[in-house]
Amino acid sequence: MDLGGSVSRNWHDEYSDIELFVFWKGAPTDEERKAPIVELNGNIIDFHPYEEEEWSETYITQGVKLEISNFLTDTINKVIGDVIISYDTDLDKQCIVATVYNGVTLSGDFVINCMKEKVSKYPYELSVAMVKENIFLGNRWTNREALLVRKDWLMLYKVMVAVQTNLMGVLFGLNRQFVHHPAFKWQKHTLSSMEITPKNISNRLESIFLDDPKVSIRELEVIIEEMYELIQRELPQLDLSLVLDKSLFLRPKNEI
């Protein structure tokens, strides 16, 4: 059993729940899954059957919410192989690997320590794959000027969120950190743990959603240029010329 989530990283606050990851040799029965809930006089919120290679349940006991994810040990080892050996950039798989890497072992030391050994080194090839996966910011980014002029805020902010999401993916790759949440939760804490970033990146990314949109777009353009400079420094073998041109391109008015 592994303690995961924000608690395992000391990032938790008064809104945090406790995330536990339980690894089973064989498929658990409903009775086995409910046993600790009954023992702790817990109230079940959710109790899900086997879905996408996982059993999960959520319950509250003594005012504390616990989210339990149950996996077969074989499943976890397969996911580790996909990420560490095949360099799979799938975020859900990386989240599982991140839990093994950062998690606090509560029981089953031998099994979990073997898993931790497998994920102890972040592969260089995965770093390259993550950067390549997130380096192109999408065609809608080229419409940013038109969206500003039209005051088409809903679409503009969707584009800004998408671009910032890609930038986070690149940063995880450059810093060789496994993604710990598919939506990049705990962004401030995450960025503070990274060494390879544009200067003052946490406050600058936060300002993107708080400043005037015109200012935000200009700042985002600057951040993108700085990010590509970091990529060229850390992964000089990657040819960024075409990607950089596309990312800084503004679609002409007659094409919008």
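Let us look at the structure shown here. (Residues numbered from 1 in each chain as written. Predicted model: local features only at pLDDT ≥ 70, side-chain atom pairs only at ≥ 80, totals over all residues. Heavy atoms only, no water.)

## Some words on the sheet that holds strand E3 (residues 43-51)
Piece 1. Taken together, the six strands give an open sheet; going across it, the order is E3-E4-E5-E2-E1-E6, and neighbouring strands pair in mixed fashion. Looking at strand neighbours, the two that pair on one side only are E3 and strand E6 (104-105), the edges of this open sheet.
Piece 2. One ladder, built from seven bridges, connects strand E4 (residues 54-61) with strand E5 (residues 64-72); its direction is antiparallel. Across the sheet, residue glutamate 57 finds its bridge partner in E5, namely isoleucine 68.
Piece 3. Running over the sheet, helix H3 (residues 73-84) touches strand E2 (18-24) and E5 and is turned about 80° from E5. (Pairing = 2+ DSSP bridges. Helix = DSSP H or I, 4+ residues; strand = E, 2+ residues; numbered from the N terminus. Contact = heavy atoms within 4.5 Å. Axes fitted to C-alpha atoms, helices over the stretch in contact; angles between N-to-C directions.)

## Examining the packing of aromatic side chains
Piece 1. Counted under the stated rule, the structure contains four aromatic pairs.
Piece 2. Ring centres of tyrosine 122 and phenylalanine 178 lie 4.9 Å apart, and the angle between their planes is 40°; this geometry places the pair in the tilted category. Placement of the pair is tyrosine 122 in the loop between helix H5 (109-118) and helix H6 (124-134) and phenylalanine 178 in the loop between helix H8 (153-174) and helix H9 (187-192), with a sequence separation of 56 residues. Both residues of the pair, tyrosine 122 and phenylalanine 178, belong to the buried class. (Phe/Tyr/Trp six-rings, centres within 6.5 Å; stacked < 30°, edge-to-face > 60°. Buried < 20%, exposed > 50% of the residue type's maximum accessible area, 1.4 Å probe, protein only.)

## Concerning the nonpolar core
Piece 1. Within the largest apolar cluster, 56 residues are counted, with the highest numbers of intra-cluster contacts made by Phe178 and Ile231.
Piece 2. Looking at which element gives the most residues to this core, the answer is H8, with 10 residues.
Piece 3. In contact with phenylalanine 178, other than residues within four places in its own chain, are Val83, Ile84, Gln94, Val97, Ala98, Tyr101, Val119, Tyr122, Leu126 and Phe172.
Piece 4. Counting residues in each nonpolar core, the second largest holds eight residues, with Leu20, Val22, Ile37 and Tyr59 among its members. (Core = buried A, V, L, I, M, F, W, Y, C linked by side-chain atoms within 4.5 Å.)

## Overview of the pattern of salt bridges
Piece 1. Scanning all chains against the criterion turns up 14 salt bridges.
Piece 2. Notably, a salt bridge pairs aspartate 30 with arginine 33, separated by 3.7 Å at the nearest N-O pair. Taken as a pair, aspartate 30 and arginine 33 lie in helix H2 (residues 30-39) at a separation of three residues, close to a single helical turn.
Piece 3. When its relative accessible area of 40% is taken as the criterion, aspartate 30 is described as partly exposed.
Piece 4. Among the salt bridges present, the one from glutamate 219 reaches arginine 204, with a minimum N-O distance of 2.5 Å. With glutamate 219 in helix H11 (residues 213-234) and arginine 204 in helix H10 (residues 201-207), the pair connects residues that are 15 residues apart, well separated along the chain.
Piece 5. It is possible to trace a salt-bridge network through shared partners that takes in Lys78, Asp82, Asp88 and Lys93. (Salt bridge = Lys/Arg side-chain N within 4 Å of Asp/Glu carboxyl O.)

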